[in-house]
Amino acid sequence: MLDCKQSSQLISQSLDRSLTLRERFALQLHLIICEYCKRFSQQVQTLRVAIRTMVDSVEKNNSIEMPSTTKKRIAHSIERQVIEANRTQP
Amino acid sequence: MHDWLNEHGDFLYRFALARLRDPHLAEDVVQETFLAAIKSPDFAGQSAPRTWLTGILKHKIIDVMRKNVREIAASDLMSDEDASMDEFFDETGHWAEKPLAWDMPENALEQKQFLGILQSCMEKLPAKLAQLFLMRDVHETDNEEICKELNISTTNAWVMLYRARMGLRKCLEINWLGA
């Protein structure tokens, strides 16, 4: 029988690899009797959804802009690059 | 190229910021992306510059993550795995503190608070653990690719991801439900 520690490890790994048949069976058996590990399993899945939502919320937030000083800096380095490229070309 | 900077710069910056969570690192990878783009022989014929630039940016972001996570691979990661999990389980392998029932709220305002707490919990994790977790759970990198990129074994990756998840759920439980 799995204990909660082993079971929580398998629950986490089930998000990263396919468990073997034996592992899946053992885990399911444990989850039937263990409310806490069932909660843990829901939590790690919620975490995954939440983290994607978090990334999306930054990515799609149009009010976040690159600082204008950085834009200038990048524009300058692009220019330098172009000048250098022209110099090295005969 | 300047048009591209104006048109796509902010988009690329947000893309990088969402993944690296550090404004300075995000600025750096965007700069590197534009410089790599201008040097590329493919530069002239791009009909979908945003997609092309994003592809370059992704590689730059993974480079940064790889560098960061490698540092941990040698040190913290290899420390005794069981010892660090002791706080979560008692000596019989049972939960030391029973997990509570919770879920991501559906209400927009609460969800915003929840994500804010998650963000601060991520910041409390060792930075590299948080990054690995982001790489994995933000869908664009599969496990094998991560391990190859980071030069760590899959077993190590599972241990690290397990730790990240354990740390995050605990932190959320304290700060979200405890609030």
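The structure this text deals with has already been given above.
This one's a predicted model, so the numbers in the text were calculated from it and none came from an experiment. (Residues numbered from 1 in each chain as written. Chains lettered and ligands numbered in written order. Predicted model: local features only at pLDDT ≥ 70, side-chain atom pairs only at ≥ 80, totals over all residues.)

S.K.: How do you make sense of the overall build of chain A when you look at a structure like this?
M.R.: Assigned secondary structure in chain A consists of 4 helices and 0 strands. When its helices and strands are written in sequence order, chain A yields α-α-α-α. Whereas a compact globule of 90 residues would reach a radius of gyration of roughly 12 Å, chain A reaches 25 Å, over 25% beyond that. C-alpha atoms of chain A, sized along the principal axes, occupy 75 × 35 × 15 Å. By the burial criterion, 24% of the 90 residues in chain A qualify as buried. Partitioning the intrachain contacts of chain A with sequence separation of at least 6 by distance along the chain shows that 57% fall at a separation of at least 24. (Helix = DSSP H or I, 4+ residues; strand = E, 2+ residues; numbered from the N terminus. Rg over C-alpha atoms; globule rule 2.2 N^0.38 Å. Buried ≥ 20, exposed ≤ 12 C-beta atoms within 10 Å, placed from the backbone. Contact = placed C-beta atoms within 7 Å.)

S.K.: Honestly, the overall build of chain B in this entry has me stumped. Any pointers?
M.R.: Of the regular secondary structure elements, chain B holds 8 helices and 0 strands. Counting helices and strands in the order they occur from the N terminus, chain B gives α-α-α-α-α-α-α-α.

S.K.: Whenever I open this one, the environment of Glu144(B) confuses me. Can you help?
M.R.: Residues and elements named next belong to chain B. Mapped onto the fold, Glu144 is located in helix H7 (residues 143–150). The exposure class assigned to Glu144 is exposed, which follows from the 12 C-beta atoms found within 10 Å. The sequence separation of Glu144 and Leu109 amounts to 35 residues, and the corresponding C-alpha distance is 37 Å.

S.K.: Explain the packing of helix H3 (residues 35–59) of chain A against helix H5 (residues 108–124) of chain B here, please?
M.R.: Closest axis-to-axis distance for the H3(A)/H5(B) pair is 10 Å, and the angle between their directions is 95°. Between H3(A) and H5(B), the interaxial angle falls into the category roughly perpendicular. Between H3(A) and H5(B), the contacting residues are Ala50(A), Thr53(A), Met54(A) and Ser57(A) on the first element and Phe114(B), Leu115(B), Leu118(B) and Gln119(B) on the second. In terms of residue class, the contact of H3(A) with H5(B) is made up of 5 nonpolar, 3 polar and no charged. (Axes fitted to C-alpha atoms, helices over the stretch in contact; angles between N-to-C directions. Parallel < 35°, antiparallel > 145°, perpendicular 65-115°, else oblique. Nonpolar A, V, L, I, M, F, W, Y, C, P; charged D, E, K, R; others polar.)

S.K.: Can you walk me through unusual backbone geometry in this structure?
M.R.: Working note: non-glycine residues mostly have negative phi, and peptide bonds are mostly trans. A positive phi angle, near 60°, is found at Arg21(B), a position not held by glycine. Within the secondary structure, Arg21(B) is located in the loop between helix H1 (2–20) and helix H2 (23–39).

S.K.: What exactly am I supposed to notice about the packing of helix H6 (residues 127–137) of chain B against helix H8 (residues 154–177) of chain B here?
M.R.: Helices that pack against each other are described as a pair by the angle of their axes relative to one another and the distance between those axes. Residue and element names in this part refer to chain B. One way to put it is that H6 packs onto H8 with a least axis distance of 9 Å and a crossing angle of 100°. On the basis of their axis angle, the class for H6 and H8 is roughly perpendicular. Residue-level contacts link Leu129, Ala130, Leu132, Phe133 and Arg136 of H6 to Met160, Leu161, Arg163 and Ala164 of H8. Taken together, the residues of the contact of H6 with H8 sort by class into 7 nonpolar, no polar and 2 charged.

S.K.: Help me understand helix H1 (residues 4–13) of chain A in this model?
M.R.: Quick reminder: α-helices carry 3.6 residues per turn. Residues three or four places apart thus point the same way. In terms of burial, H1(A) is largely enclosed, as 7 of its 10 residues are buried. Among all positions in H1(A), only Cys4(A), Ser7(A), Ser8(A), Leu10(A), Ile11(A), Ser12(A) and Gln13(A) are buried. In this fold, the buried residues of H1(A) make contact with helix H2 (21–33) and H3 of chain A together with H8 of chain B.

S.K.: Sorry if this is basic, but what is going on with H3(A) here?
M.R.: Given a rise of 1.5 Å per residue, 25 residues ought to cover 36 Å, and the 36 Å separating the end C-alpha atoms of H3(A) matches this to within 8%. The set of residues buried in H3(A) consists of Cys37(A), Phe40(A), Ser41(A), Gln43(A), Val44(A), Leu47(A), Ala50(A), Ile51(A), Met54(A) and Val55(A). Those residues of H3(A) hidden inside the fold are in contact with H1 and H2 of chain A together with H1, H5, H6 and H8 of chain B. (Expected span 1.5 Å × (residues − 1).)

S.K.: Please explain the environment of Leu29(A) as it appears in this structure.
M.R.: With respect to the helices and strands, Leu29(A) occurs in helix H2. For the pair Leu29(A) and Leu2(A), spaced 27 residues apart in sequence, the C-alpha separation works out to 8.7 Å.

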